[in-house]
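Spelled out, the chains give:
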Amino acid sequence: MRLLISLILPVWLLAVPLDTLIQNARNNHTSLKSIEQKISMIDNEIEISQNFSDPIVSLTLSDIQSDDISDRSIERMQYTALNFAQKIPYFGKRDALSNKIKAKKEKVTLSMYEMKVKLVREIKIAAFSIWQREEELKITDEYIKLTKQNIELYSSASTSDSKSHMSIMSAEMKLSELRIKKHKLNSILLGLYKKLSYLSEMDVKSVEMDMKIFKPNDVSEYIQIKSANLSYKIKKASLNEANKDIKVKELSSYIDPVIKVGYYHRESFDDYANIGLSFSLPIYGTQDQQEEKSRKLSLAWKNEIIDFNNLLIAQIYEVHARLTNSYEAHRIIKHESMPQIQHMFELSSSSIKSGDELFLFIELLGKKLSLDEQNIGEVATYHRNLAILDALIGEMK
């Protein structure tokens with residue numbers, strides 16, 4: 001029977017595992033496809049870097065006589081020339097440029113991995129927030145039901161004195177607050193599911209995840225592998241690209257010769273050929289300034305890497321502190337506060353005899369609701385901070 005129900009159950013009602021959402025996003029998100037196209041474009045740049053510049057071909061008609069422009073046999077100076085010019089790059093220039101572009105490709109590839117890390121982090125945060133709101137909604141529904149029951153029970157057995165009436169009104173006001181809260185939670189959930197659907201490239205109606213809490217690893221373990229951070233790797237790759245560019249600029253000071261070959265045809269005289277060699281003269285210091293510019297960029301990246309390394313350590317300590325705080329708060333609520341308030345709640349709910357007791361019960365109900373929500377919030381915050389901490393060390397799962 002269960003098998004039959006599962007077969008006819010609409011697909012959209014089935015909860016999608018969080019791992020499935022992450023895997024689908026890593027494989028299909030449009031932002032990643034955009035970066036993949038950029039990487040493919042860089043492959044074209046690498047191929048182009050190995051080519052010579054296009055040759056220059058020119059056709060010349062010299063000494064055109066105004067009396068008869070078609071007569072090309074009047075004197076020796078009349079010729080028809082076909083000239084060919086080709087710049088020959090200094091040996092090593094093409095390889096240096098190719099290495100620079102390969103370094104650029106490495107940087108862009110790392111940016112794709114960084115995007116995957118960010119997607120995984122945001123999917124997890126959205127999913128954990130959904131869990132939090134859904135759990136709060138369950139608790140809110142539970143307390144709406146309990147509040148209604150206690151109002152009905154007391155109304156049927158109470159007197160008509162003003163104090164009793166005020167107690168019932170107070171309970172009804174609390175019921176209204178719970179209904180408003182339920183409506184707000186449903187609105188938040190709608191937005192979170194839309195966000196999760198966008199991030200995962202799937203139409204998500206329900207998500208399944210493991211919300212168990214474990215004692216956090218020591219912060220030193222995260223510090224030791226901080227170099228796996230994708231932003232850190234991208235900055236290192238940018239430094240490598242800048243160093244490769246220095247080599248390109250160094251070689252640019254070596255002059256590229258231009259070889260010129262020409263064939264000259266004359267109607268009444270012998271044909272002849274010319275060969276020439278030309279150079280540009282680097283007399284204005286442009287190449288030196290370009291090289292100095294590249295060296296300054298490299299130095300800037302070195303300083304930025306040092307600064308980011310310090311920032312990354314501070315971020316890991318900060319997030320780990322929040323993670324530990326959520327873990328400890330959850331432990332205290334679960335093992336100390338919850339047992340006490342649960343016992344008080346049971347005693348109060350089983351002995352309502354007057355309006356005063358109902359009022360106290362409603363007040364205690366609010367405290368228990370607040371404590372339940374705080375516990376749920378700490379669990380969700382724990383997992384959100386864990387997702388952030390994983391992202392800081394380059395985790396993509």
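Residues numbered from 1 in each chain as written. Predicted model: local features only at pLDDT ≥ 70, side-chain atom pairs only at ≥ 80, totals over all residues. Heavy atoms only, no water.

Let us look at helix 7 (residues 230-252). An ideal rise of 1.5 Å per residue puts 33 Å on 23 residues; helix 7 measures up with 33 Å between its terminal C-alpha atoms. The N-cap residue of helix 7 is Asn229: its side-chain oxygen and the backbone nitrogen of Ser231 are 2.9 Å apart. (Helix = DSSP H or I, 4+ residues; strand = E, 2+ residues; numbered from the N terminus. Expected span 1.5 Å × (residues − 1). Polar contact = N/O pair within 3.5 Å; in protein donor to acceptor, adjacent residues only side chain to side chain.)

Our focus in this paragraph is the pattern of salt bridges. As a working rule, side chains carrying opposite charge can pair if their charged atoms are close by. Tallying each qualifying case throughout the model produces 21 salt bridges. Its salt-bridge partner being Arg121, residue Glu122 comes within 3.0 Å of it at the nearest N-O pair. By relative accessible area, Glu122 is classed as partly exposed at 22%. Among the residues examined, Arg121 registers a relative accessible area of 26% and is labelled partly exposed. A salt bridge links Lys235 to Glu304; its shortest N-O distance comes to 2.7 Å. Of this pair, Lys235 sits in helix 7 while Glu304 sits in helix 8 (residues 286-349), and the two are 69 residues apart along the sequence. Among the residues examined, Lys235 registers a relative accessible area of 16% and is labelled buried. Residue classification places Glu304 among the partly exposed positions, given a relative accessible area of 34%. Here the residues in one salt-bridge network are Lys100, Asp245 and Lys249, joined through shared partners. (Salt bridge = Lys/Arg side-chain N within 4 Å of Asp/Glu carboxyl O. Buried < 20%, exposed > 50% of the residue type's maximum accessible area, 1.4 Å probe, protein only.)

Below, the discussion takes up the side chain of Lys249. Secondary-structure assignment places Lys249 in helix 7. The class for Lys249 is buried, based on a relative accessible area of 16%.

This part takes up the layout of surface pockets. Looking at the largest pocket, its volume works out to about 470 Å³. Taken together, the residues that form the lining of the largest pocket break down as 11 nonpolar, 6 polar and 7 charged. Empty space within the second largest pocket amounts to approximately 380 Å³. Lining the second largest pocket we find 18 residues, and of these Lys124, Phe128, His383, Leu386 and Asp390 sit closest to its centre. Secondary-structure elements contributing two or more residues to the lining of the second largest pocket are helix 2 (18-28), helix 4 (93-157) and helix 9 (355-392). When residues in the lining of the second largest pocket are grouped by element, the largest group, 5 residues, is from helix 9. (1 Å grid on protein atoms, 1.4 Å probe; cavity = no way out; pocket = protein on both sides within 12 Å on 5 of 7 lines; lining within 4 Å. Points joined across faces, edges and corners; volume = space filled by probe spheres on them. Nonpolar A, V, L, I, M, F, W, Y, C, P; charged D, E, K, R; others polar.)

The interhelical angle for the contact between helix 2 and helix 3 (residues 30-49), taken along N-to-C directions, is 30°, at an axis separation of 6 Å. On the side of helix 2, the interface is formed by Ala25, Arg26, Asn27 and Asn28, while helix 3 contributes Thr30, Leu32 and Lys33. Partitioning the contact of helix 2 with helix 3 into residue classes produces 2 nonpolar, 3 polar and 2 charged. (Axes fitted to C-alpha atoms, helices over the stretch in contact; angles between N-to-C directions. Contact = heavy atoms within 4.5 Å.)

With that out of the way, let us pick up the sheet that holds strand 2 (residues 56-61). Reading across from one edge, 2-3-5-6 is the order of the 4 strands in this open sheet, with antiparallel pairing throughout. Two strands bound the open sheet, and with one partner strand each, they are strand 2 and strand 6 (272-278). Ignoring which end each strand starts from, the neighbouring axes of this sheet average 15° apart. Bridge count for strand 3 (residues 80-87) against strand 5 (residues 258-265) is 8 bridges, and the pairing is antiparallel. Within the sheet, the bridge partner assigned to Ala85 lies in strand 5 and is Lys260. (Pairing = 2+ DSSP bridges.)

Before going further, it helps to examine a nonpolar patch on the surface. Taken together, Val57, Leu59, Leu82, Phe84, Ile259, Val261, Ile275, Leu277 and Phe279 make up a surface patch of nonpolar side chains, about 910 Å² in accessible area. Counting residues per element, the ones that place at least two in the nonpolar patch are strand 2, strand 3, strand 5 and strand 6. Here Leu82 is to be found in strand 3. (Patch = residues over 30% accessible without salt bridge, like charges linked within 9 Å, V, L, I, M, F, W, Y side chains within 5 Å. Areas by Shrake-Rupley, 256 points an atom, 1.4 Å probe, with all protein chains shown as cover.)

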